[in-house]
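# Structure at a glance
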Amino acid sequence: MRVEAEVTINGPKEAVWAVITDIANAADTISGIEELEVLEKPDSGLVGLKWRETRTMFGKAATEEMWITDAVENDFYTVRAESHGCIYTSSMSVSERDGGSALTMAHESSPQGFLAKLLFLATGFLARNAMNKVILQDLNDIKAAVEARP
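Quick caveat, the model's predicted, so the values are computed rather than measured.

### Section: helix α1 (residues 13-20)
The element α1 is largely enclosed, with a buried count of 6 among its 8 residues. Residues Lys13, Ala15, Val16, Trp17, Val19 and Ile20 constitute the buried set of α1.

### Examining the packing of aromatic side chains
Within the structure shown, the criterion is met by 1 aromatic pair. Aromatic side chains tryptophan 17 and tyrosine 77 sit 6.0 Å apart centroid to centroid with 70 degrees between the ring planes, which places their arrangement in the edge-to-face category. Of the two residues, tryptophan 17 is situated in helix α1 and tyrosine 77 in strand β5 (residues 76-83); the sequence distance between them amounts to 60 residues. Each of the two residues, tryptophan 17 as well as tyrosine 77, counts as buried.

### A word on the nonpolar core
Grouped together as the largest cluster of nonpolar side chains are 33 residues, with contacts concentrated most on Ile20, Trp51, Tyr77, Leu103 and Ile142. Those elements that provide at least two residues to this core are β1 (2-9), α1, β2 (33-40), β4 (60-72), β5, β6 (86-97), β7 (100-111) and α3 (114-148). Here this core takes 6 residues from α3, the largest share from any one element. With residues near it in sequence (within four places) discarded, isoleucine 20 still touches Tyr77, Met92, Leu103 and Ile142.

So, how was this worked out
Residues numbered from 1 in each chain as written. Predicted model: local features only at pLDDT ≥ 70, side-chain atom pairs only at ≥ 80, totals over all residues. Heavy atoms only, no water. Buried < 20%, exposed > 50% of the residue type's maximum accessible area, 1.4 Å probe, protein only. Helix = DSSP H or I, 4+ residues; strand = E, 2+ residues; numbered from the N terminus. Phe/Tyr/Trp six-rings, centres within 6.5 Å; stacked < 30°, edge-to-face > 60°. Core = buried A, V, L, I, M, F, W, Y, C linked by side-chain atoms within 4.5 Å. Contact = heavy atoms within 4.5 Å.

Next comes the structure, spelled out in structure tokens:
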């Protein structure tokens, strides 16, 4: 399952990049994150940054470990998590658009194994709708943070 959304932000892409790469303080920016703990920091760049993030999903606290697998400064980064028989990948990309920036977030869930695939078939529609709402809220929170900066 793949879900993708985009927002236009009144601000330069460097400002957007600064907000989306401030992972340590993401819980202050993104309302859906209840708690975030950085577990590993690379010597330089973003690749290898690993954190534990807690959100409420379907009425229950869900904690996942995530790490950045690929990144190009001021362009995009890709995050991976593995949980409940699925591999999750998300990407954030920023580009210049009409005097501002476009921020796109994509999320893909890939069930591994028979049981995970069966559960995914049964709940995929609900999961897609929930992820779409989460992504849109995250993007709008980031937009608000960037546009509130001096």
